[in-house]
Amino acid sequence: MSGVDHLGELAALATAGCWTITAMVFETAGRRVGSLTVNLVRLAFATVLLGAWGAVTRGMPLPLDATPEAWGWLAASGVVGLTFGDLCLFRALVLIGARLSLLVMSLVPPMTAILGWLALGEGLGTTDLIGMALTVGGVVYVVIERRPAGSGDGGLSRRDRRLGVLLCLGGAFGQAAGLVLSKVGMKSYDAFSATQIRVIAGMAGFALIFCVIGWWPRVAAAMKDGRAVAIIGAGSVFGPFLGISLSLIAVQNTEAGVAATIMAIVPVLIIVPSVLIKKERISARAIIGAVVAVAGVGVMFL
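Residues numbered from 1 in each chain as written. Predicted model: local features only at pLDDT ≥ 70, side-chain atom pairs only at ≥ 80, totals over all residues. Heavy atoms only, no water.

Student: Kindly report on the packing of helix α5 (residues 126-143) against helix α10 (residues 256-263), identifying the contributing residues and their values.
Tutor: Contact geometry for α5 and α10: axes closest at 9 Å, N-to-C directions at 25°. Taken together, α5 and α10 sit at an angle that is classed as roughly parallel. In this structure, α5 crosses over α10, and the sense of that crossing is left-handed. Contact residues: α5 offers Asp-128, Met-132, Thr-135 and Val-136, while α10 offers Gly-257, Val-258 and Thr-261. A per-class count over the contact of α5 with α10 returns 3 nonpolar, 3 polar and 1 charged. (Axes fitted to C-alpha atoms, helices over the stretch in contact; angles between N-to-C directions. Helix = DSSP H or I, 4+ residues; strand = E, 2+ residues; numbered from the N terminus. Parallel < 35°, antiparallel > 145°, perpendicular 65-115°, else oblique. Left-handed = near helix turned anticlockwise from the far one by under 90°. Contact = heavy atoms within 4.5 Å. Nonpolar A, V, L, I, M, F, W, Y, C, P; charged D, E, K, R; others polar.)

Encoded structure:
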């Protein structure tokens, strides 16, 4: 088959690459100004980037040609996926750490497949199921690797662990439902314009939350940190601008469960820059898990 035949799978793979970059970039920015602030500012940057892209490619800086139905589904997708899902995930990261959070988030592909089946009638063939099992298994195998003493989550209270896992389940559901709602809403509509609707809705959701919790002074303070703003701006190119747009191209051109599975290999892809940039030591387990996960992605291209 040609590359066009696998456009959805290729877009999902590119999405995983973009999210690997943003995971490292936003980690740095989050330590400087806080993850909640990063969430809002990255969406604001993305709105500008998507508006400029629309003006150049479509002569339309805002997706005013989208139908009211598309606006409704895509806006719901933005609130569910970008506001609710990310809010739950980032809070879970604080409570239970990245390792356990990523493990629970490995449920996104099967959740997406189930929701895609219920809402869209999407079926998965035997090859897809085998590929999904290999990919998710490889990711889980990497994520559950034990860390050295003092770097794990052994000090977690039972309450924090339970709350963190529940928040992660909420984040996983938000991501899965967001993808399916996007596919319902966009149909054959331009993916970048559809992303802009999602981003605007997600940003509005965060803005409302910030009004409730009184977070705006922190946002104002963060905007004075030029380095943090520059980092968030760079991350926004690969995250909500390219990453989310590519994810919509993926679900537009293949089954939502397959797309979600390929996008879930970020914990595997991040191994390489972690070794090269952060000089982290890579274990045999990480290599094995990476090989299994990549093999699973390969199976889904068959």
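Structure shown, so let's carry the discussion forward.
Student: Tell me about a nonpolar patch on the surface, residues and numbers included.
Tutor: A grouping of Leu-107, Leu-166 and Leu-169 is seen on the molecular surface, where their side chains present a nonpolar patch of about 250 Å² in accessible area. By the secondary structure assignment, Leu-169 is in helix α6 (residues 158-186). Judged by relative accessible area, which is 31%, Leu-169 ranks as partly exposed. (Patch = residues over 30% accessible without salt bridge, like charges linked within 9 Å, V, L, I, M, F, W, Y side chains within 5 Å. Areas by Shrake-Rupley, 256 points an atom, 1.4 Å probe, with all protein chains shown as cover. Salt bridge = Lys/Arg side-chain N within 4 Å of Asp/Glu carboxyl O. Buried < 20%, exposed > 50% of the residue type's maximum accessible area, 1.4 Å probe, protein only.)

Student: A description of the side chain of Glu-122 should follow, citing residues and the corresponding values.
Tutor: Along the chain, the position of Glu-122 falls in the loop between α4 (108-120) and α5. On the accessibility criterion, Glu-122 (14% relative accessible area) is buried. Here Lys-183 takes part through its side chain, which lies 2.5 Å from a polar atom of the side chain of Glu-122. Within the local environment of Glu-122, its side chain forms a polar contact with the backbone nitrogen of Ala-256, the two atoms lying 2.9 Å apart. If we skip the residues at most four places from it in the chain, Glu-122 touches Gly-116, Trp-117, Lys-183, Thr-254, Glu-255, Ala-256 and Gly-257. (Polar contact = N/O pair within 3.5 Å; in protein donor to acceptor, adjacent residues only side chain to side chain.)

Student: So what about helix α13 (residues 284-300)? Which residues, and what values?
Tutor: When the terminal C-alpha atoms of α13 are compared, their 25 Å separation across 17 residues agrees well with the 24 Å that a helix rising 1.5 Å per residue should span. Burial in α13 covers these residues: Ala-286, Gly-289, Ala-290, Ala-293, Gly-296, Val-297, Val-299 and Met-300. Against α1 (7-33), α5, α10, α11 (266-269) and α12 (271-276) lie the buried residues of α13. (Expected span 1.5 Å × (residues − 1).)

Student: Please set out the nonpolar core residue by residue, giving values where relevant.
Tutor: Among the nonpolar cores identified, the biggest contains 50 residues, and Cys-168, Met-186 and Ile-262 are the most heavily contacted of them. Element by element, the count of residues in this core is highest for helix α3 (residues 68-105), at 10 residues. What Ile-262 contacts, discounting residues up to four positions off in sequence, is Glu-9, Ala-12, Leu-13, Ala-16, Val-297, Met-300 and Phe-301. One finds Leu-50, Leu-82, Val-199 and Phe-206 within the second-largest nonpolar core, a separate group that totals 14 residues. (Core = buried A, V, L, I, M, F, W, Y, C linked by side-chain atoms within 4.5 Å.)

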